[in-house]
Amino acid sequence: MTTVMKHRPAGTASGAEQDFRIFVQGIAASLHRTAYLLCGDWYLADDLVQEALAKTYSHWRKVQRADSPSAYVRRILINESRRGWRRNKNNMVHSGGELADVPVSDMSDGVVNRAELRQALQSLPERQKATVVLRYLEGLSERETAAALGCSEGTVKSQTSKALQKLKSVLNRGDN
């Protein structure tokens, strides 16, 4: 279900709407990147971000009062992503499947092929994928990641460790 936001003529936004717009401008790129890394599809990532921002807007006062509004919104995004995983479990790309290539120029010879990394990320269980994306690709601390996932820092550490071991084994298989 998509929430539709009513638009007012330019210059007539309330203080709360203006605060929301400023917040979205600051976090949107990071949310899109996170959503893409969680689901592996730019179009689905756009949908996830729109759903998360619509829910954020409808609960904006509560989000503003949170200790970390960005962690709160990331949690909404991750929950939306999980709902999608549950809904589309049979339609998901499996680790052996091909992901759509997004043309990205990468000039670094020493960096793992982005397609291989995306595919390896998709092979991880949901929580492990989320911890790796938030910790290493979004640069959140263990505490911020725990807040975004609604779990303890110890859980973040253990899930991250397991995820890195699996990523290493999946990526090293391609070297043989």
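For the structure itself, look to the data block above.
In this report, we go over the structure that sits alongside the text. Given the structure is predicted, the values throughout are model-derived calculations rather than measurements. (Residues numbered from 1 in each chain as written. Predicted model: local features only at pLDDT ≥ 70, side-chain atom pairs only at ≥ 80, totals over all residues. Heavy atoms only, no water.)

## Some thoughts on the overall build of the protein
Reasoning step 1: When helices and strands are tallied, the protein shows 8 helices and 0 strands.
Reasoning step 2: Start at the N end of the protein and walk to the C end: the helices and strands fall as α-α-α-α-α-α-α-α.
Reasoning step 3: Put simply, 62% of the contacts in the protein that link residues at least 6 apart link residues at least 24 apart.
Reasoning step 4: Total accessible area computed for the protein in this model is approximately 10,800 Å², and 50% of it derives from carbon and sulfur atoms. (Helix = DSSP H or I, 4+ residues; strand = E, 2+ residues; numbered from the N terminus. Contact = heavy atoms within 4.5 Å. Areas by Shrake-Rupley, 256 points an atom, 1.4 Å probe, with all protein chains shown as cover.)

## What to know about the nonpolar core
A general feature of soluble globular proteins is that nonpolar side chains tend to end up buried together.
Reasoning step 1: Ranked by internal contacts, the top residues of the largest apolar core, which has 38 residues, are Leu31 and Leu77.
Reasoning step 2: Per-element tally for this core: the top contributor is helix H1 (residues 15–39), with 12 residues.
Reasoning step 3: Residue contacts for Leu77: discarding those within four places in its chain leaves Leu31, Thr34, Ala35, Leu48, Val49 and Ala52. (Core = buried A, V, L, I, M, F, W, Y, C linked by side-chain atoms within 4.5 Å. Buried < 20%, exposed > 50% of the residue type's maximum accessible area, 1.4 Å probe, protein only.)

## Section: the pattern of salt bridges
Reasoning step 1: Taken as a whole and judged by the stated rule, the model has 6 salt bridges.
Reasoning step 2: Its salt-bridge partner being Arg33, residue Glu138 comes within 2.9 Å of it at the nearest N-O pair. Here Glu138, found in the loop between helix H6 (126–137) and helix H7 (142–149), pairs with Arg33, found in helix H1; they are 105 residues apart in sequence, far enough to count as distant.
Reasoning step 3: For Glu138, a relative accessible area of 13% gives the class buried.
Reasoning step 4: A relative accessible area of 39% places Arg33 in the partly exposed class. (Salt bridge = Lys/Arg side-chain N within 4 Å of Asp/Glu carboxyl O.)

These values are about where atoms sit, not about what they do.
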